[in-house]
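Single-letter residue listing:
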Amino acid sequence: MVPPRSLMPPPARPRKRWGLRLGIAAAILASVAGAGVYGRVRYLPNSAVLPGLSIDGERVADQASDAEVRALVEGRARTLLARKVQLAMPGAEKPVLEATLGDLGLKVDVDQTVAVAERIGKTGDLLSRAEAAKTAREGGIDVPLLTAIDRAVAVPVLEKLKETEDTQPVSARLDLEKHATIPEKEGHYIDVDATLARLEASVRTPAGGESAARFELPLGTFAPRVSSAFLKSLDISTVVAEYETHFSRGGEQQRRGKNIDNAAQKLDGLVISPGELVSFNEVIGERSEANGFQKSWEIFKGEMVEGIGGGTCQVASTFHAAVFFGGLDVLERLPHSRPSAYIPMGLDSTVVFPAVDLKVRNPHPFPIVVHAKTEGGKLRVELLGKMKPVEVSFGRELVSTIPYKRKVVEEASLSGKKVLVKQHGIKGFRIKRSRILRYPNGTTKKEEATDLYPPTTEIYHVPVGFDVAQLPPVPEAGEDADLGGNPSAAPAEARTPTKPTNTAAATACTTCEKPADGIEFVDSPGAHAPTNAQSNPTKTIWVGRH
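Being a predicted model, the structure only gives us computed values, none of them experimental. In this convention, every chain numbers its residues from 1, walking through the sequence in written order. Only residues with pLDDT of at least 70 get local features here, since the model is predicted, and only at 80 or more are side-chain atom pairs given and counted; chain-wide, interface and lining totals rely on the full set of residues. Hydrogens and water are ignored here; the side-chain numbers use all heavy atoms of the structure.

Asks: Looking at this structure, I do not really get the overall build of the protein chain. What am I missing?
Replies: In this text, helices come from DSSP runs of H or I with a minimum length of four residues, and strands from runs of E with a minimum of two, each type numbered from the N-terminal end. Secondary structure assignment for the protein chain yields 14 helices and 29 strands. Summary of the burial criterion: residues with accessible area below 20% of their type's maximum are buried, those above 50% are exposed, and those between are partly exposed, where the area comes from a 1.4 Å probe applied to protein chains only. Out of the 546 residues belonging to the protein chain, those deemed buried represent 43%. For the protein chain, contacts bridging at least 24 residues in sequence account for 77% of all contacts bridging at least 6. Put simply, the protein chain shows about 28,000 Å² of open surface, and 52% of that area lies on carbon and sulfur atoms. It only takes one pair of heavy atoms within 4.5 Å for two residues to be counted as in contact. Values of accessible area rely on a 1.4 Å probe in the Shrake-Rupley scheme; residue burial ignores everything except the protein chains shown.

In structure tokens form, the structure reads like this:
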């Protein structure tokens, strides 16, 4: 710590002060000769600190003892550490944090402050000591508290603020429908080091009454990767790849359809530069009502529940399929917990904000622009660019099936032979999927992976005391079921995505024995019988895109 200027040795005085120094010298000589006790006390005091000296703006009592000086410093330290400060974002009226200086890591070195105060006027030549005593007596010396910011305390507080206040830059995007450019936005971040420096400066500023001291957090900025100027030079004359899925907007599916619209709009116009990694969750954002999403049915821990953002996975899956056939690198992707009705196993992608993500990278030497659009019950995702850099084929082989289990829950509100179907059972599947990429120079690359779709538990709610033997038996996985039906070189589900089937006419099991007469099975909200593609997928498919 560097002592303040008031603690430095007195500087050389101008020639006009020589009269004063001669007077002080005469008094000192008189005191040394035994004829000037008053002069010795006045110019060479023997107290703990010089009479008249102040510490942090408070005058020390004359002839104060060492303990009294320390008590004063400790009291001033407590007052300083309890001083409140408000941290605010630039231009914001409401602060993002109000805390004391002590909460923000300020420490006061009491021992060092006392030592500095007691050392003033006690060292150096007699003339310098005497002049320091005179300056103190005239109220000219105020020893500040010696402080420092403890980064181990302050930085975590500021890092927590950064989690909520820092913003990522937003690249410029194309509105392909309106043929317009959506301008970029700079990102900003709280500058921790500059904030700590500003905190230290606030210590040297006198407190303004009872109100908290307020200052704006210093921010740094960083530019996005894609600017509006860059977009004007893009060549997007070629459809590099595309994929299409279908969905329903009727009845309870209406809100799911709105969520698909919302996610598609956020994805539309995204520019992926060469080598750039893109996170689906970062692009779409939090699944919240504030972000435009509505409550709808979604899969959670293997069961259908009502949550916010249901339908977003269909946008992620359609985007993943387009990326797959466009030859982009898929760095992070997980399959659903059950086969999807709208896309073949192996091409789907589940997402859960913020934990489960779909991340892709553009390996091509030119930018890719994503065009995502909904029309009626159709979702289409196109990847646009300069050229088609690769031919891609998709293969899927059904390796094994896993029978599903049944869960029966007695419910007091049910009576007679009414059975509420909370969830239809779906067999689990293990598949082997592959992607073959053929490049113009004749090279070929093959990628292989295994996906597991766990079985979906069948859930029945029955009246209390209901005889479960009346329920249809749970099917067991036989040889035909393991094969997944008759092999097909290129089934319609992969060649041309089709509209959803009438789920009301579908059944969970076509080979089960019929239940006892008189039982009324009723689907609960969100419970849909699986399509044939979900319950009996083909053993192998192979799809090429040129």
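Resuming the write-up.
Asks: Sorry, what's going on with the packing of aromatic side chains here?
Replies: The relative placement of two aromatic rings is captured by the distance of their centres and the angle of their planes. Note on ring pairs: Phe, Tyr and Trp rings are taken, using the six-membered ring of Trp, and paired if centres are within 6.5 Å. Classes follow the plane angle, with under 30 degrees stacked, over 60 edge-to-face and the rest tilted. Summed over the entire model, instances satisfying the criterion amount to 7 aromatic pairs. Aromatic ring contacts, followed pair by pair, group Y243, F324, F325 and F394 into a single cluster. A ring is scored as having a charge over it whenever the NZ atom of a lysine or the CZ atom of an arginine sits within 6 Å of its centre and within 35 degrees of its normal. Positioned above the aromatic ring of F324 is the side chain of R435, whose terminal nitrogen or guanidinium carbon lies 5.0 Å from the ring centre.

Asks: Explain the side chain of S524 here, please?
Replies: Mapped onto the fold, S524 is located in the loop between β28 (520-523) and α14 (532-535). Under the relative-accessibility criterion, S524 is labelled buried at 6%. Here S524 is in contact with L420, V421 and K422, once residues within four sequence places are set aside.

Asks: So what exactly am I meant to see when it comes to the environment of R380 here?
Replies: By the secondary structure assignment, R380 is in strand β21 (residues 378-385). The exposure class assigned to R380 is partly exposed, which follows from its relative accessible area of 28%. With 58 residues separating them along the chain, R380 and A322 place their C-alpha atoms 9.2 Å apart. Look past the residues within four positions of R380 in its chain and what remains in contact with it is E242, Y243, E244, H371, A372 and K373. N or O atoms closer than or at 3.5 Å make up a polar contact, with two conditions inside protein: a donor-capable atom paired with an acceptor-capable one, and, for residues adjacent in sequence, both atoms drawn from side chains. A polar atom in the side chain of R380 sits 3.1 Å from the side chain of E244.

Asks: Which parts of the structure should I look at to understand the packing of helix α6 (residues 151-165) against helix α7 (residues 192-203)?
Replies: Any two packed helices are characterised by how steeply their axes cross, that is the angle between the axes, and by the distance between the axes. The axes used here are C-alpha line fits, helices contributing only the stretch in contact, and every angle between their N-to-C directions lies in the interval 0 to 180 degrees. Across the interface, α6 lies against α7 with an axial gap of 11 Å and an inter-helix angle of 125 degrees. By the angle class used here, α6 and α7 are oblique. Crossing hand, α6 versus α7: right-handed. Note on element contacts: α7 touches α6 through V192, D193, T195 and L196, opposite R151, A154, V155, L158, E159 and K162. Under the grouping applied here, Gly and all other residues not named as nonpolar or charged are polar, the nonpolar ones being Ala, Val, Leu, Ile, Met, Phe, Trp, Tyr, Cys and Pro and the charged ones Asp, Glu, Lys and Arg. For the contact of α6 with α7, the residue count by class is 5 nonpolar, 1 polar and 4 charged. Note that the term roughly parallel is reserved for angles under 35 degrees, roughly antiparallel for angles over 145, roughly perpendicular for angles of 65 to 115, and oblique for everything else. Each crossing gets its handedness from the near helix: less than a right angle anticlockwise from the far helix is left-handed, clockwise is right-handed.

Asks: How do you make sense of the pairing of strand β29 (residues 540-545) when you look at a structure like this?
Replies: When a strand is regular, its side chains alternate between the sheet's two faces. Of the two faces of β29, only one is covered, namely that formed by I541, V543 and R545; the face formed by T540, W542 and G544 stays uncovered. Pairing of strand β22 (residues 391-402) with β29, which is carried by 6 bridges, proceeds in the antiparallel orientation. Pairing of S393 across the sheet is with G544, part of β29. If DSSP finds at least two bridges between two strands, the strands pair.

Asks: Can you walk me through unusual backbone geometry in this structure?
Replies: One can expect most non-glycine residues to show negative phi and most peptide bonds to be in trans. Residue P354 is reached from F353 by a cis peptide bond, and omega for that bond is -5 degrees. Tracing the sequence through the fold places P354 in the loop between β18 (329-332) and β19 (359-361). Phi angles above zero are rare outside glycine, and D56 is one such case at about 55 degrees. By the element assignment, D56 lies in the loop between β1 (54-55) and β2 (58-59).

Asks: It is not clear to me how the pattern of salt bridges should be interpreted in this structure. Could you clarify?
Replies: The salt bridge definition used is simple: a Lys or Arg side-chain nitrogen within 4 Å of an Asp or Glu carboxyl oxygen. Within this structure, the stated rule accounts for 20 salt bridges. One salt bridge connects R151 with D193, and the closest N-O pair in it is separated by 3.2 Å. You can see R151 sitting in helix α6 and its partner D193 sitting in helix α7, a full 42 residues away along the chain. Here D261 makes a salt bridge to R249, at a shortest N to O gap of 2.7 Å. Remark: R249 occurs in the loop between β13 (238-246) and α9 (254-267) and D261 occurs in helix α9; sequence separation between them is 12 residues. According to the relative accessible area criterion, D261 is buried, its value standing at 14%.

Asks: Hey, could you run me through the sheet that holds strand β14 (residues 271-272) in this one?
Replies: Hydrogen bonds between backbone groups are what pair the strands of a sheet, and the pairing can be parallel or antiparallel. The strand order across the open sheet formed by 4 strands is β13-β21-β20-β14, and the pairing between neighbours is antiparallel. Edge positions in the sheet fall to β13 and β14, since each of these pairs with one other strand and no more. Sitting on the sheet, α9 touches β20 (368-375) and β21, and the angle it makes with β20 is about 155 degrees. Its contacts with the sheet place helix α11 (residues 312-325) against β13, β20 and β21, and it is angled at close to 145 degrees to β13.

Asks: Even after reading the chapter, I still don't get the sheet that holds strand β24 (residues 418-423), so can you show me in this structure?
Replies: Spatial ordering of the open sheet is given by β23-β27-β24-β28, a layout of 4 strands whose pairing is mixed. This sheet does not close on itself; its edge strands, each paired only once, are β23 (406-410) and β28. On average, each strand axis in the sheet is tilted by 30 degrees relative to the strand beside it, whichever way the strands run. Of the pairings in the sheet, the one linking β24 to strand β27 (residues 458-462) comprises 3 bridges and is antiparallel in character.

Asks: Even after reading the chapter, I still don't get the side chain of Q534, so can you show me in this structure?
Replies: Mapped onto the elements of the fold, Q534 is located in helix α14. For Q534, a relative accessible area of 9% gives the class buried. Among the polar contacts listed, one links the side chain of Q534 to the backbone oxygen of P339, at a separation of 2.8 Å. Contact partners of Q534, with chain neighbours within four places excluded, come to P339, S340, A341, I426 and F429.

Asks: Honestly, α9 in this entry has me stumped. Any pointers?
Replies: Every α-helix winds through 3.6 residues per turn, so residues three or four apart in the chain are directed the same way. An ideal rise of 1.5 Å per residue puts 20 Å on 14 residues; α9 measures up with 20 Å between its terminal C-alpha atoms. Within α9, the full set of buried residues consists of R256, G257, N259, I260, D261, N262, A263, A264 and L267. Downstream of α9 by one or two residues, G269 has phi in the positive range, about 85 degrees. Here the expected length of a helix is defined as 1.5 Å per residue gap, with one fewer gap than residues.

Asks: Explain the confidence of the model for the protein chain here, please?
Replies: In low-pLDDT regions, the fine details of the predicted coordinates are not to be read closely. Averaged over the protein chain, the pLDDT score is 84; the fraction of residues at 70 or greater is 82%. Summary of the metric used: pLDDT quantifies the predictor's per-residue confidence within the range 0 to 100. This stretch, residues 1-16, has a pLDDT under 50; its non-local contacts, to residues over four places away or in other chains, come to 14 contacts.

Asks: So what exactly am I meant to see when it comes to the environment of L328 here?
Replies: Inspection of the secondary structure puts L328 in the loop between α11 and β18. A residue is classified by how much of its surface remains accessible, and L328, at 0% relative accessible area, is buried. Between the C-alpha atoms of L328 and V360, which are 32 residues apart in sequence, the distance is 6.8 Å. Other than its neighbours up to four places away in sequence, L328 contacts I272, V323, R361, N362, P363, H364, L383 and R435.

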